[in-house]
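Now for the letters of each chain:
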Amino acid sequence: MYQHVLLVTDLQDDTDLVAAKAKWILNTSPNTQLSVLHVVEETMIGFGYESIPSSALSENINNQRCQEARLRLAQILSRNELHAHHVNIKTAISGHKGIVDYCHQHAVDLIVIGRHKRTGLSAWLTGATADSILPDIDSDLLVVQLTSSN
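Basis of the calculations
- Residues numbered from 1 in each chain as written.
- Predicted model: local features only at pLDDT ≥ 70, side-chain atom pairs only at ≥ 80, totals over all residues.
- Heavy atoms only, no water.
- Core = buried A, V, L, I, M, F, W, Y, C linked by side-chain atoms within 4.5 Å.
- Buried < 20%, exposed > 50% of the residue type's maximum accessible area, 1.4 Å probe, protein only.
- Helix = DSSP H or I, 4+ residues; strand = E, 2+ residues; numbered from the N terminus.
- Contact = heavy atoms within 4.5 Å.
- pLDDT = per-residue confidence, 0-100.
- Salt bridge = Lys/Arg side-chain N within 4 Å of Asp/Glu carboxyl O.
- 1 Å grid on protein atoms, 1.4 Å probe; cavity = no way out; pocket = protein on both sides within 12 Å on 5 of 7 lines; lining within 4 Å.
- Points joined across faces, edges and corners; volume = space filled by probe spheres on them.
- Nonpolar A, V, L, I, M, F, W, Y, C, P; charged D, E, K, R; others polar.

**Q** Which parts of the structure should I look at to understand the nonpolar core?
**A** Among soluble globular proteins, nonpolar side chains are generally buried collectively. Ranked by size, the top nonpolar core spans 22 residues in total, and within it L7, L34, L82 and V112 carry the most contacts. Sorting the residues of this core by element identifies β1 (4-8), α1 (15-28), β2 (33-41), α2 (63-79), β6 (110-117) and β7 (140-148) as the ones contributing at least two each. Leave out the neighbours within four places in its chain, and V112 touches V5, L6, L7, V8, V18, K21, A22, L142 and V144. Counting residues in hydrophobic clusters, the runner-up holds 15 residues, among them L6, V8, L37 and A130.

Structure (structure tokens):
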């Protein structure tokens with residue numbers, strides 16, 4: 001029985017498929033806490049040979065992107081009739097770092113995340129976030145296979 005489930009979403013059109021799996025888990029374990037996370041990747045600014053996160057210069061730089069993400073996330077939760085204990089829009093240098101840090105800080109014992117099947121150059125360059133977090137978390141991971149994304 002899970003105590004704390006984390007639904008990770010990239011807010012793409014197929015998020016409802018991942019949300020449905022999280023809802024199924026919650027329906028089988030009514031006392032389980034649900035948190036939802038979307039990571040807005042930091043905008044990096046180059047200065048010569050160095051890159052720094054834009055938020056180091058101003059806290060408002062990523063604010064508009066976070067506001068848009070909050071609206072989309074609220075629509076997804078409403079459409080899927082999910083009631084989250086915590087809804088987080090987080091900025092991080094990468095999706096991997098944002099998810100792993102969140103899990104370590106909030107005692108998550110199950111992550112529900114989608115994975116787009118990628119082929120060719122896309123697979124080699126970007127990989128899948130679900131694959132990258134696996135070595136760095138102690139939680140169980142439910143990966144929902146989604147359609148191809150090139």
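After that view, the rundown keeps rolling.
**Q** Looking at this structure, I do not really get the confidence of the model for the chain. What am I missing?
**A** Segments scoring low in pLDDT should not have their predicted coordinates read at a detailed level. Scored by pLDDT, the chain comes out at a mean of 80, with 77% of its residues at no less than 70. No element of the chain has a lower mean pLDDT than helix α4 (residues 120-126), which averages 49, and none a higher one than β1, which averages 94.

**Q** Whenever I open this one, the pattern of salt bridges confuses me. Can you help?
**A** One side chain can pair with another of opposite charge once the charged atoms of both are near each other. Enumeration according to the criterion identifies three salt bridges in this entry. The closest approach of N and O atoms between R79 and D16, which form a salt bridge, is 3.0 Å. With a gap of 63 residues between them, R79 in helix α2 and D16 in helix α1 connect regions that are remote in the sequence. Looking at D16, the relative accessible area reads 24%, which means it is partly exposed. Across the salt bridge formed by K97 and D101, the nearest N and O atoms sit 2.8 Å from each other. Note that K97 and D101 are positioned in helix α3 (residues 95-106) at a spacing of four residues, about one turn of the helix. Judged by relative accessible area, D101 falls into the partly exposed class, the value being 23%.

**Q** I tried to follow the side chain of N80 on my own but got confused; where do I start?
**A** With respect to the helices and strands, the residue N80 is situated in the loop between α2 and β5 (86-92). Discounting chain neighbours no more than four positions away, the residues touching N80 are D16, A19 and K23.

**Q** Help me out: how do you make sense of the layout of surface pockets in this one?
**A** The gaps of empty space that remain are located by a probe, the size of a water molecule, rolled over the atoms. The computed volume of the second largest pocket comes to approximately 150 Å³. Together, D10, L11, Q12, H38, V39, V40, E41, R65, E68, A69 and R72 line the second largest pocket. Mapped onto the lining of the second largest pocket, the elements with two or more residues apiece are β2 and α2. A per-class count over the lining of the second largest pocket returns four nonpolar, two polar and five charged.

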